Amino acid sequence: MQVIKFGGSSVASAENINKVINIVKNKSTTSKVVIVVSALGGITDLLLASAHLASTNNDVYKTSLQEIEARHLTTVKDLIPVTKQSAVLSLVKKMCNEIEDICNGIFLLGELSARTKDKIVSYGELLSSQIIAAKLLSENLEVEWKDAREIIITDSNFGAALVDFSKTNSAIQNYFSTSTSSLFILPGFIASNEMGIATTLGRGGSDYTAAIIAGAINANNLEIWTDVSGMMTADPRIVSNIKLIPEISYQEAMELSHFGAKVIYPPTIQPVMSKNIPVWIKNTFAPNDVGTVIQKDSYKNDSAIRGISSINKISLISLEGSGMVGIPGFSKRLFEALANQKINVILITQSSSEHSISVGIETTFVDEAKHCIDTAFAYEIETKKVEPLIVEKDLAIVAVVGDNMKNHTGIAGKMFSALGKNAINIRAIAQGSSERNISCVISLNDVAKAVNVLHESFFETAYKQVHLFITGVGNVGKKLLTQLNQQLEFLKKHNRLQIKVVGIANSKAALIIDEGIDLTNWENLLKAAPSSTIESYIEIILAKNLRNSIFIDVTANETVAFSYKKLLEKSIAVVACNKIACSSDYKYYGQLKNLAQEFNTKFLFETNVGAGLPIIGTLNDLINSGDSINKIQAVLSGTLNFVFNNYDGTKTFAEVVKQAQNEGYTEPDPRLDLSGKDVMRKIMILARESGLKLEMNDIANNAFMPASCMEGSVENFYVEMEKHETHFNTMYLDAANKGNKLKFVASLENGKATVGLQHINPTHNLFHLYGKDNIVLFYTNRYPEQPLAVKGAGAGADVTASGVFADIIRATNN
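Criteria and cut-off values
Residues numbered from 1 in each chain as written. Predicted model: local features only at pLDDT ≥ 70, side-chain atom pairs only at ≥ 80, totals over all residues. Heavy atoms only, no water. Helix = DSSP H or I, 4+ residues; strand = E, 2+ residues; numbered from the N terminus. Expected span 1.5 Å × (residues − 1). Buried < 20%, exposed > 50% of the residue type's maximum accessible area, 1.4 Å probe, protein only. Arc of directions from axis to C-beta. Salt bridge = Lys/Arg side-chain N within 4 Å of Asp/Glu carboxyl O. Pairing = 2+ DSSP bridges. Axes fitted to C-alpha atoms, helices over the stretch in contact; angles between N-to-C directions. Contact = heavy atoms within 4.5 Å. Right-handed = clockwise from strand over helix to strand, strands pointing away.

Participant: How should I be thinking about helix α1 (residues 14-28) in this particular structure?
Facilitator: Quick reminder: α-helices carry 3.6 residues per turn. Residues three or four places apart thus point the same way. In this model, α1 (15 residues) spans 21 Å end to end at C-alpha, consistent with the 21 Å of a helix rising 1.5 Å per residue. Of the positions making up α1, those classed as buried are A14, N16, I17, V20, I21, I23, V24 and K27. End-on view of α1: buried residues confined to an arc of 165°, all on one side of the axis. Facing away from the buried side of α1, by more than 90 degrees, are the exposed residues E15 and N26.

Participant: Can you help me understand the pattern of salt bridges in this one?
Facilitator: Oppositely charged side chains can form a pair if their charged atoms are brought close together. This structure, assessed with the given rule, holds 28 salt bridges. Between E252 and R306 there is a salt bridge; the shortest N-O distance is 3.2 Å. Remark: R306 occurs in the loop between β10 (292-295) and β11 (307-320) and E252 occurs in helix α8 (residues 250-258); sequence separation between them is 54 residues. With respect to burial, E252 and R306 carry one shared label: buried. Through salt bridges with shared partners, a single ionic network connects K25, K135 and E139.

Participant: Is there a simple way to think about the sheet that holds strand β14 (residues 390-401) in this case?
Facilitator: Strands belonging to one sheet form pairs held by backbone hydrogen bonds; the direction of such a pair is parallel or antiparallel. Read across the open sheet, the six strands follow the order β12-β13-β11-β14-β16-β15; overall the sheet is antiparallel. The sheet is open, and its two borders are formed by β12 (347-350) and β15 (428-431), each paired with just one other strand. Between one strand axis and the next, the sheet turns by 30° as a mean value, whatever way the strands run. Pairing of β15 with strand β16 (residues 437-443) involves four bridges; the strand directions are antiparallel. From the neighbouring strand, Q431 faces β16, where its bridge partner is I438. The strands touched by helix α13 (residues 411-421) within the sheet are β14, β15 and β16, with β16 carrying the most contacts at an inclination of about 20°.

Participant: Got a minute to help me understand the pairing of strand β18 (residues 497-505) in this structure?
Facilitator: In the case of a regular strand, side chains alternate between the two sheet surfaces. Burial analysis of β18 places eight of its nine residues in the buried class, which makes it a mostly covered element. In this structure, strand β17 (residues 464-471) lies alongside β18, joined through eight bridges in parallel fashion. Across the sheet, H467 pairs through a bridge with K500, a residue of β18. Running through helix α15 (residues 475-494), the crossover from β17 to the neighbouring parallel element β18 is right-handed. Looking at chain direction, β18 and strand β19 (residues 510-512) are connected through three bridges and run antiparallel. Counterpart to I504 in the pairing with β19 is L511. Linking β18 back to β19 in an antiparallel pair, the connection comprises four residues.

In structure tokens:
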């Protein structure tokens, strides 16, 4: 004999019930079958809502009752041939009238007891089972309907009644042993006490009904048919790339269901485990899928972890006080107070000093728990031996479960490291003595992120998923998006990185798509995106709380630069092309560096100094490997190098600067380049990365631009340069007549930094520097005379974007 149970989604409509009938037909040809069914999907909630409305004297309950009746009548009409509908429609009408009578009574009394609730909700399963029985009969299948209340006996704890297994097993065995039928159908979820009053087995109790019957009759197997193809490694509503668990042990299934796995009701395992009855989880809508089998022993997989689950809406209540230390009985009194109020404890953790004990409970019961515990410890609280109960709300529990955990070292370390790298704070930790699970309490807002992070760490050996938020879509930003689009498949194949650009913003709008933005059409999508400020864009990123997030700043915006702190504090890596943060006050620069270290993330800004050149990386490698920086000489402005390499008097200085701007080598305002301020920023950043606490006003700038050129608008700037052409020509000729070249050089030596125009002779390392190239010469203990040189293109959108791209890849290696 086998027992099969169908859940609410499986019987939610006539269409779904027909799928159930087909499954039953296939099963009933091989052996005796017991069918257990839930109420039609959503009906239990509607029944409870109607009762609650009635208890508050809200006559809208009548509308809800009409909806319940119409739903069942429609199901009968859609499911059963017209010639066989009459009796079933009458039965449905009769039961719906009874429900209405009870709700009318509740309305008059203004009161809804637990006993009455059980009476009301029992009609859901009674109606569905009778309708499905009628359908089976109409298909010429001889089925026997049995009221589960007659054979499952419980105590009177309405809402979550405890089964009297001695009487229940006897009643079930007597019934099935005397019946000659081969097909049975029963309502799940409902039972009765010894006086015959309806009780229920708790929400999800239809699974339990089926397991109770299977255990009592020693069934060959129990099948639970639902809307998923078995138990998964995580909740499919949270994790997109879940994996099927083909086999799982009874103990693992119990742990996962206790900690929130919705596929199976937690008590279901107990009645079948002692009889070694296998439990199959199958999909009504994909009946040929293999599903999951729950049995005594499960296969050994590559991972020590079988699955990850979570419970939301948890509160942590903590009893603390020096008066607890070394005094026996405190824990007993705490749990006794909760037990007397029928408050279930989900998680327990206690400090080794015995100074505190914390327990996790459902948030629904937190006020009741605080009252009963404060009352139980009133004397100790008054005498200051114990603090009043501490309550923390808006929490959740995440658990990793697996039989093989006890044989593997490092599981806890891997779990907590993965959470910590993504700024998920752990409030409490508990591990079962069986070492079958490790659970921790975290913020409710972090649940989805935590489950995804853990799933990626333990199950997803294929790819690491990275979420990018890009700010700024000017020349460099556009090139970056083009380069990303070109390399997505390469990175997936060769670096095992699945990169998703989920956010793109400019100064006017923000485009956010969690599944990833189509990089072939981002410009049109951004144009159609809602208007947004940079501040609101940052807040959305923080609220999204996606794992492995990287924020990329390709702007010159001060507001963006001063938002890095918020991002780093949430372990969101920051890649900055924007120089403002690193060239602002040393205090802010240092704070950002420290935050990245504290929150185990990355703050990278290679392009701040040399576009795509590995200047900062080289500097850091020298220092980290034990070398000391004695002197730096550098040409750090691709713009200025382009200008002085192309200016020979045949064109005016203004024309050459304009050419540099047109070719994309200058800042939007070229004066930032020609003033030397940009070079000052760059040498200051190198000085800071070398370990010096330098500010902008510590740097000497030997400027070459006439003061009038630096005033007014950009247009005025070009007009003034034309007026001062003689000045520029004289500078050029002074150098050229000596066989020298003009180079705007930045120097750092003995803690002093300077920038300015210099004559460079042909023997100097800086002489042969052409086009828009930059060069940095590092004189160190290891390179005292022949410096280590980093040389290459120092300007241009393409190379700058490639430098940002390289930082993004580095940030993924956290």
